[in-house]
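The residues making up each chain are set out below.
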Amino acid sequence: MIDHIVLVKFGETTTNAQMQEVVDRFKALRAHLTGIVDIQAGINFSEKNKGYQVVLSVRFEDRAALEAYGPNPEHQAVAAYIREVGREDSLIVDIEI
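This one's a predicted model, so the numbers in the text were calculated from it and none came from an experiment. (Residues numbered from 1 in each chain as written. Predicted model: local features only at pLDDT ≥ 70, side-chain atom pairs only at ≥ 80, totals over all residues. Heavy atoms only, no water.)

Novice: Tell me what's going on with the sheet that holds strand E1 (residues 2-10), and back it up with residues and numbers.
Specialist: Read across the open sheet, the four strands follow the order E2-E3-E1-E4; overall the sheet is antiparallel. The two strands at the open ends of the sheet, each matched to only one other strand, are strand E2 (36-43) and strand E4 (87-96). Geometrically, the sheet is characterised by an average inter-axis angle of 10° between neighbouring strands, direction not taken into account. Where E1 meets strand E3 (residues 54-60), seven bridges bridge the pair, whose relative direction is antiparallel. The partner of His 4 across the bridge, within E3, is Val 58. Across the sheet, helix H1 (residues 16-28) touches E1, E2 and E3, and the angle it forms with E2 is around 175°. (Pairing = 2+ DSSP bridges. Helix = DSSP H or I, 4+ residues; strand = E, 2+ residues; numbered from the N terminus. Axes fitted to C-alpha atoms, helices over the stretch in contact; angles between N-to-C directions. Contact = heavy atoms within 4.5 Å.)

If you want it as structure tokens, here you go:
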């Protein structure tokens, strides 16, 4: 299995409602993708967050499912919304478990 974790940092103009909408849209991807074991997302409340406010995590059955995820139109729509509401930076981590 593969864990795919994304931390997103937004600009000062991004609202809490917009960040929650990112979380909700990301969670909704489960219905549109195959090979997902689990999907989680939320607002980062850690005091050591280094400015990364949203955490997105998806566990895939295998690398093939991860590779299919990137170009998926539903995933691309969520990524476009993240950019639209003010993404400044993101970190992505993929690990085999």
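Novice: Provide a residue-level description of the pairing of E1, including the pertinent values.
Specialist: With nine bridges connecting them, E1 and E4 associate as antiparallel partners. Bridged to Leu 7 within E4 is Leu 91.

Novice: Before we move on, can you summarise the nonpolar core with the specific residues and values?
Specialist: Phe 10, Val 22, Phe 26, Val 54, Leu 56 and Phe 60 are the most contacted members of the largest nonpolar core, which has 24 residues in total. Of all the secondary structure elements, the ones that give two or more residues to this core are E1, H1, E2, E3, helix H2 (63-69) and helix H3 (73-84). In this view, Leu 56 contacts His 4, Ile 5, Val 6, Val 8, Val 22, Phe 26, Gln 40, Ala 41 and Ile 82; residues no more than four positions away in its chain are not counted. (Core = buried A, V, L, I, M, F, W, Y, C linked by side-chain atoms within 4.5 Å. Buried < 20%, exposed > 50% of the residue type's maximum accessible area, 1.4 Å probe, protein only.)

Novice: Break down the environment of Glu 47 for me, with residues and values.
Specialist: Along the chain, Glu 47 turns up in the loop between E2 and E3. Linking Glu 47 and Gly 35, residues twelve residues apart in sequence, is a C-alpha distance of 33 Å.

Novice: Tell me about the packing of aromatic side chains, and please be specific about residues and values.
Specialist: Applying the stated rule across the entire model yields one aromatic pair. Sitting over the face of the ring of Tyr 81, Arg 25 holds its NZ or CZ atom 3.8 Å from the ring centroid. (Phe/Tyr/Trp six-rings, centres within 6.5 Å; stacked < 30°, edge-to-face > 60°. Lys NZ or Arg CZ within 6 Å of the ring centre and 35° of its normal.)

Novice: Describe the side chain of Thr 14, listing the residues and the values that go with them.
Specialist: As for its placement among the helices and strands, Thr 14 is situated in the loop between E1 and H1. Judged by its relative accessible area of 9%, Thr 14 is buried. In this structure the side chain of Thr 14 is engaged in a polar contact, spanning 2.4 Å, whose partner is the backbone oxygen of Val 85. Setting aside its immediate chain neighbours within four residues, Thr 14 contacts Met 19, Val 85 and Gly 86. (Polar contact = N/O pair within 3.5 Å; in protein donor to acceptor, adjacent residues only side chain to side chain.)

Novice: Report on a nonpolar patch on the surface, specifying residues and quantitative values.
Specialist: A cluster of nonpolar residues, Met 1, Val 37, Val 93, Ile 95 and Ile 97, forms a patch on the protein surface that exposes about 390 Å² of accessible area. Following the sequence through the fold, Ile 95 ends up in strand E4. On the basis of relative accessible area, Ile 95 is assigned to the partly exposed category, the value being 38%. (Patch = residues over 30% accessible without salt bridge, like charges linked within 9 Å, V, L, I, M, F, W, Y side chains within 5 Å. Areas by Shrake-Rupley, 256 points an atom, 1.4 Å probe, with all protein chains shown as cover. Salt bridge = Lys/Arg side-chain N within 4 Å of Asp/Glu carboxyl O.)

These values are about where atoms sit, not about what they do.
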